[in-house]
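In case you want the letters, here they are:
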Amino acid sequence: MLRILLFLVLVISTSECIKIPQKPSTPLAWWQEGIIYQIYPRSHMDSNGDGIGDLVGIENKLDHFVDIGVGAVWISPIYKSPMKDFGYDISNFTDIEPIFGNMSTFKSLSDALKARGIKLVMDFVPNHSSDEHPWFQLSVNRVEPYTDYYVWKDAKGFDENGQPIVPNNWISVFGGSAWEWREERQQFYLHQFVVEQPDLNYENPKVMIQMLAAVKFWLDMGVDGLRVDAVPHMFEDPELRDRKKLFNKFNNI
């Protein structure tokens, strides 16, 4: 009995110290209070029997999201891509990868979501592009205005075999050096993820303008919001200093 009384005293005294959450004075935005359901299109519904989920498949199952009270769907990357990193290596920021559909099927999905009162969120990957993106191909060859669209650095020197030495000891998220040499340009480019994902250079305002134009493109297509990927990797240490902790793969900034 004594233990029960002590427990009740403890609960009462603790509750007096805890501030009970109050209803916010201003209404919450849809992304703050609603259920957001992430869709990985490749493993979602396959509408044409090719073994890969697609946009038509997503649209065909929208009533399921209504039934379970979903307020928004967040779709993993569906941009045009050679798929070296399952869509996170983008070769066109304003087009749909054909294995998922096309702009017509995307617009149909967007309209169908709006008709059901469901918001549409897309994954957006601004840190890098695919090495198959036209910007990178032009940058490799120093074609203006794309010369400095990516993070290019000279070799620190050359070893006894005449091989270029990387600018610093940074490693990519997936292991190995974060630098890759291109003979055509005689410089290294930075890739904080796979080799086929060169980092864009946000010290160049033209890159920012291009990416904001891509954002506007999708908003005009009916997208309600963007989930931005790999934000901590977008800006690097301008002095390119070596990392002190080599085991920390996420600290190039």
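How each quantity is defined
Residues numbered from 1 in each chain as written. Predicted model: local features only at pLDDT ≥ 70, side-chain atom pairs only at ≥ 80, totals over all residues. Heavy atoms only, no water. Helix = DSSP H or I, 4+ residues; strand = E, 2+ residues; numbered from the N terminus. Buried < 20%, exposed > 50% of the residue type's maximum accessible area, 1.4 Å probe, protein only. Contact = heavy atoms within 4.5 Å. Areas by Shrake-Rupley, 256 points an atom, 1.4 Å probe, with all protein chains shown as cover. Salt bridge = Lys/Arg side-chain N within 4 Å of Asp/Glu carboxyl O. Expected span 1.5 Å × (residues − 1). Polar contact = N/O pair within 3.5 Å; in protein donor to acceptor, adjacent residues only side chain to side chain. Pairing = 2+ DSSP bridges. Axes fitted to C-alpha atoms, helices over the stretch in contact; angles between N-to-C directions. Patch = residues over 30% accessible without salt bridge, like charges linked within 9 Å, V, L, I, M, F, W, Y side chains within 5 Å.

Caption draft 1: Inspection of the overall build of the protein chain at higher detail. Helix and strand counts for the protein chain stand at seven helices and 11 strands. Looking at the protein chain as a whole, 42% of its 253 residues qualify as buried. Considering only contacts in the protein chain between residues 6 or more positions apart, those separated by 24 or more positions represent 62%. When the accessible surface of the protein chain is totalled, it reaches about 14,200 Å², and 57% of it is carbon and sulfur.

Caption draft 2: Broad picture of the pattern of salt bridges. For the structure on display, the rule yields 10 salt bridges. For Arg-227, the salt bridge goes to Asp-123, with nearest N and O atoms at 2.8 Å. Pair noted here: Arg-227 is in strand β11 (residues 225-228) and Asp-123 is in strand β5 (residues 119-124), with a separation of 104 residues, a long-range link. By relative accessible area, which is 30% here, Arg-227 ends up partly exposed. A salt bridge links Arg-182 to Glu-184; the shortest N-O distance between them is 2.6 Å. In this structure Glu-184 comes out as partly exposed when scored by relative accessible area, which is 47%. A cluster of three or more residues bridged by salt bridges with shared partners is formed by Asp-123, Arg-227 and Asp-229.

Caption draft 3: Representation of helix α7 (residues 205-220). The first and last C-alpha atoms of α7 sit 23 Å apart over 16 residues, in line with the 22 Å expected at 1.5 Å per residue. On its buried face, α7 sits against β3 (79-80), β4 (92-96), α5 (103-115), β5, α6 (134-140) and β11. For α7, the capping residue at the N-terminal end is Asn-204, with a side-chain oxygen 2.9 Å from the backbone nitrogen of Lys-206. In the stretch just after α7, Gly-222 is the one whose phi turns positive, near 105°.

Caption draft 4: Representation of unusual backbone geometry within the structure. Across the junction of Glu-144 and Pro-145, the peptide omega takes the value 5°, indicating a cis bond. You can see Pro-145 is positioned in the loop between α6 and β6 (152-153). Even without being a glycine, Arg-142 presents a positive backbone phi close to 55°. Tracing the backbone through its elements, the reader meets Arg-142 in the loop between α6 and β6. When its relative accessible area of 42% is taken as the criterion, Arg-142 is described as partly exposed.

Caption draft 5: Up close: the sheet that holds β11. Strand order in the open sheet made by the four strands is β1-β2-β5-β11, with parallel pairing throughout. Across the chains shown, the open sheet's two edge strands, defined by having one partner strand only, are β1 (36-39) and β11. Going across the sheet, the axis of each strand differs from the next one's by a mean of 25°, ignoring polarity. As paired strands, strand β2 (residues 72-75) and β5 are joined by four bridges and run parallel to one another. Following the sheet pairing, Ala-72 is matched in β5 by Lys-119. The strands that α5 touches are β2 and β5; relative to β5, the one it contacts most, it runs at about 140°.

Caption draft 6: Looking closely at the sheet that holds β6. The strand order β6-β10-β9 describes an open sheet built from three strands, whose pairing is antiparallel. A single partner strand is all that each edge strand has here, and the edge strands are β6 and β9 (179-182). Relative to strand β10 (residues 187-190), β6 runs antiparallel, the two sharing two bridges. Within β10, the residue paired with Trp-152 across the bridge is Tyr-189.

Caption draft 7: Region of the structure containing a nonpolar patch on the surface. Taken together, Met-208, Leu-212 and Phe-235 make up a surface patch of nonpolar side chains, about 270 Å² in accessible area. Looking at the element boundaries, Met-208 is found in helix α7. According to the relative accessible area criterion, Met-208 is partly exposed, its value standing at 34%.

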